[in-house]
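Each chain, written out:
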Amino acid sequence: MQFQLFPPLAILAIMVSAAAATPNSTTTIPSPATEAQCPISLQTSIGALSEPTGRQDRISLDRRAPTGVHVDGITSGPYLLAALEMEGSPFADATGSRCYPALSLKTSALPAATAGSHYNVALTVAGGQPPYSWSLGPSSLPHNFSVNSSGDLSGETSRAGTYTFNVIVSDALKNNVTGALTLTVVSSTTTQPTSTPTPTPTPTPTPTPTPAPSPTPAPTPTSSGSPNWTPQFMAMNALKPSNWPTVPIGAMRPTGTTWATIEPSRGVYQWQGLDSWVAASQAHGVQLEYVFLNVPQWASTLPTQSCNRGPIGCAAPPNDADWKQFVTTLVTRYKGRITSYEMWNEADAYGFWTGTPAQMVHLASLAYPIIKSIDPNAIVLSPSDAAPGGWPIPYATWLDEYLQAGGGKYADAIAWHGYAADRNTQPASPPEVSLLSQIVTIRGVLAKYGLQTLPLWNTEGGYGADTQLPGQQQQADFLARWYLIQFGYGVARAYWYQWDNTLYGTLWTSTGGETPAGQVYGQISSLLSGARASGPCTASGAVWTCNYSIGAVSYEAVWDTAGTATFTPSGFTAYTDLTGKQFQIAGNSVPIGPLPILLH
């Protein structure tokens, strides 16, 4: 028998009569050795209180209340009562409570189902405290199969095959356990199908591979995805719709529109903020992305867990019913006006998501069919992960685990956040190093699951904090190369972070207008409009080149990461710098430096 005690604990009261404990001592409550084992050890203000062989009905940890514990140890000799609280919430006396065996799934194998026949099996559980509540986790089951709250697996399909799925069961003590099961559906030559199975949302199958470390290949010049320019490639993050970018953009990822902000209490919606972003994007002819983030405390399965906004449970998995209702209401309201949905923000960061990759797949499996049924043209992105580091899970590891759990079925494109350093206190790494490595690594993970053709969206990124790359010219150099490399490597969209933020990736201020980096953004957007990449960018020493064409005209972007130098072009007669000035090439060489020029 076992249970788990979660810190922190604060002593509410200790009352000891007969053989009272002394400060900094250990008090042991004796029990007959024949009694059932229920080990417990608590630290009190008078020292350690332990009961290694406690009577099953005499000492307990009761977690049936939202928070709190109560320990009640009584023997035929000394009397000791210790009432404690967990995370500051007092807990009433738990008379009659007891220790229970650890919760575990008892069903380990399922009888086969027959195609075309109704199937129903009761799942069973051991341990824990009744009543139990069941739900379906990440699943490849046909869509008309379900698990009800009583643990009955039922449904019918005409498609023979082997289906893997997870079930989640919780008990009255708020413990839960997840188990993996496999259902085999055998064909029947006499039974005709009674229903048409719903197809899997994304036609690309997700295999179940043998677990292996996430790949970290060297940056090899390879490209995947469309090399064609679209206006949406130049995309932006911003703080306020009133600070709309003065440079050409094709897509916007807004701020301040989280679930907790929109629905502060169940069924009460505050749409004003998102409405303003939608109106601005419509007015400017720009596509708008919505990113799911911040579970409201009332919808959280762990409402007192810490997250990026404090101990309010905003990073914990939400309740299924509340999640589905919010997704339905949101997509219905903005059908055709919000064009893409990012399933979660930086799910590898504990400040934003404390659940597992498999639990995130479960959320995606609920949201994807809702979004597609309401707005079939909407693009659903995978949850983003933050690169090059992770908080604390490395981005490639998280993506690998997400896809292994079946997440690829619920994504039309893969999202990630391509930054230049693990932390905002570290110097920014050149995009030729960190960013390029991220692209190649992510593509390696996707290839492992046969998903290498999915579009890749960098929905948030840049050099990070302005202090990570001090110097406005260096910031402009970085931005130009950040976009050129991604275009050459077939990244479909690149959202810079952040247009009007005066601390991170600043491109514009209310007092000074566009920064040098902001001006370069505008030039890149204009110069590459309508271009097609001829292949990935390549390097010769410190000199990098990226080749493009616009119609029948060839272009080559070139720069030197080491500083100023001269470059001998082949077949080009002029060049344009990123201030928009054009120059004729005199002689055999042109001056180059960290800021690219465009040969033509």
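All values reported here derive from a predicted model rather than from experimental measurement.

Within the protein, the regular secondary structure consists of eight helices and 36 strands. Residues classed as buried in the protein amount to 50% of the 600 residues present. For the protein, the proportion of contacts with a sequence separation of at least 24, taken over those separated by at least 6, is 67%. Accessible surface, the protein: about 25200 Å² in total, of which carbon and sulfur atoms supply 54%.

What follows deals with the pairing of strand S24 (residues 456-462). For S24, the buried fraction is high: seven of the seven residues fall into the buried class. By the bridge criterion, six bridges tie strand S23 (residues 414-419) to S24 in an arrangement that is parallel. Within S24, the position partnered with alanine 415 by the bridge is tryptophan 457. In terms of handedness, the path from S23 via helix H6 (residues 434-448) over to S24 forms a crossover that is right-handed. Sheet topology note: the S24/strand S25 (residues 493-496) ladder contains three bridges and is parallel. Bridge pairing in S25 links tryptophan 457 to arginine 493. The parallel pair S24 and S25, bridged by helix H7 (residues 472-488), forms a crossover whose chirality is right-handed.

What follows is about the pattern of salt bridges. Under the counting rule described, the total for this entry stands at eight salt bridges. With a closest N to O distance of 2.9 Å, aspartate 322 and arginine 266 form a salt bridge. Of this pair, aspartate 322 sits in helix H3 (residues 320-333) while arginine 266 sits in the loop between helix H1 (259-262) and helix H2 (272-284), and the two are 56 residues apart along the sequence.

Tracing the backbone through its elements, the reader meets serine 526 in helix H8 (residues 516-527). When its relative accessible area of 48% is taken as the criterion, serine 526 is described as partly exposed. Sequence separation between serine 526 and proline 231 is 295 residues; the distance between their C-alpha atoms is 9.8 Å.

What follows deals with the environment of tryptophan 482. Turning to its location among the elements, tryptophan 482 is positioned in helix H7. Under the relative-accessibility criterion, tryptophan 482 is labelled buried at 1%. Spatially, the C-alpha atom of tryptophan 482 lies 5.5 Å from that of proline 431, the residues being 51 residues apart in sequence. Tryptophan 482 has contacts with Gly418, Pro431, Leu435, Asn458, Gly461, Gly462, Ala494, Tyr495 and Trp496, leaving out every residue within four places of it along the chain.

Another point: the packing of aromatic side chains. Enumeration according to the criterion identifies 31 aromatic pairs in this entry. Ring geometry for tyrosine 575 and phenylalanine 583: centres 5.1 Å apart, planes at 20°, overall stacked. Take phenylalanine 583: its relative accessible area is 33%, and that puts it in the partly exposed class. Pairwise contacts between aromatic rings join Trp229, Phe233, Tyr463, Phe478, Trp482, Tyr483, Phe487, Trp496, Tyr521 and Tyr548 into one cluster.

Here the focus is the sheet that holds strand S19 (residues 287-291). Read across the sheet, nine strands follow the order S21-S20-S19-S18-S17-S25-S24-S23-S22 without closing on themselves; strand pairing throughout is parallel. Either end of the sheet is taken by a strand with one partner, and the two such strands are strand S21 (379-381) and strand S22 (386-387). Against the sheet, H8 engages strand S17 (234-237) and S25, with an angle of about 150° to S17.

One way to put it is that helix H4 (residues 357-374) packs onto helix H5 (residues 395-404) with a least axis distance of 8 Å and a crossing angle of 55°. Judged by the inter-axis angle, H4 sits oblique to H5. Note that H4 runs across H5; the crossing there is right-handed. Counted together, Pro357, Met360, Val361 and Ala364 of H4 and Trp398, Glu401 and Tyr402 of H5 form the full contact between these two elements. The residue inventory of the contact of H4 with H5, partitioned by class, reads six nonpolar, no polar and one charged.

Ranked by internal contacts, the top residues of the largest apolar core, which has 105 residues, are Phe292, Trp323, Tyr483, Trp496, Tyr521 and Tyr548. If sequence neighbours within four positions are ignored, tyrosine 521 has contacts with Met234, Ala235, Met236, Val247, Pro248, Ile249, Leu479, Tyr483, Trp496 and Leu507.

Our next topic: the state of the cysteines. Evaluated as defined, the whole model comprises two disulfides. Covalently, cysteine 307 is tied to cysteine 314 through a disulfide, its sulfur atoms 2.0 Å apart. On the S-S bond that ties cysteine 307 to cysteine 314, the torsion sits near 115°, and the link is right-handed. A relative accessible area of 1% places cysteine 314 in the buried class. Disulfide pairing places cysteine 537 opposite cysteine 546 at an S-S distance of 2.0 Å. A torsion of 110° about the S-S bond marks the disulfide between cysteine 537 and cysteine 546 as right-handed.

An ideal rise of 1.5 Å per residue puts 24 Å on 17 residues; H7 measures up with 25 Å between its terminal C-alpha atoms. Where burial is concerned, most of H7 is hidden: 14 out of the 17 residues are buried. Among the residues trailing H7, glycine 490 stands out with phi positive, at a value near 75°.

Here we take up unusual backbone geometry. Following alanine 387, the chain continues to proline 388 via a peptide bond in cis, the omega torsion being 10°. As for its placement among the helices and strands, proline 388 is situated in the loop between S22 and H5. Residues tyrosine 497 and glutamine 498 are joined by a peptide bond in cis, for which omega reads 15°. Unusually for a residue other than glycine, asparagine 294 sits at a positive phi of about 65°. Tracing the sequence through the fold places asparagine 294 in the loop between S19 and H3. The phi dihedral of glutamate 346 falls on the positive side, at around 45°, and the residue is not glycine. Within the secondary structure layout, glutamate 346 lies in the loop between strand S20 (340-342) and H4. Classification of glutamate 346 as buried rests on a relative accessible area of 8%.

Here we come to the confidence of the model for the protein. Confidence along the protein averages 79 in pLDDT terms, with 75% of residues attaining 70 or more. Confidence over residues 1-99 falls short of pLDDT 50; this stretch has 188 contacts with residues more than four positions distant or in other chains. Counting contacts from residues 190-226, a segment whose pLDDT is below 50, to residues more than four positions away or on other chains yields 77 contacts.

Rules used in this analysis
Residues numbered from 1 in each chain as written. Predicted model: local features only at pLDDT ≥ 70, side-chain atom pairs only at ≥ 80, totals over all residues. Heavy atoms only, no water. Helix = DSSP H or I, 4+ residues; strand = E, 2+ residues; numbered from the N terminus. Buried < 20%, exposed > 50% of the residue type's maximum accessible area, 1.4 Å probe, protein only. Contact = heavy atoms within 4.5 Å. Areas by Shrake-Rupley, 256 points an atom, 1.4 Å probe, with all protein chains shown as cover. Pairing = 2+ DSSP bridges. Right-handed = clockwise from strand over helix to strand, strands pointing away. Salt bridge = Lys/Arg side-chain N within 4 Å of Asp/Glu carboxyl O. Phe/Tyr/Trp six-rings, centres within 6.5 Å; stacked < 30°, edge-to-face > 60°. Axes fitted to C-alpha atoms, helices over the stretch in contact; angles between N-to-C directions. Parallel < 35°, antiparallel > 145°, perpendicular 65-115°, else oblique. Left-handed = near helix turned anticlockwise from the far one by under 90°. Nonpolar A, V, L, I, M, F, W, Y, C, P; charged D, E, K, R; others polar. Core = buried A, V, L, I, M, F, W, Y, C linked by side-chain atoms within 4.5 Å. Disulfide = S-S within 2.5 Å. Expected span 1.5 Å × (residues − 1). pLDDT = per-residue confidence, 0-100.

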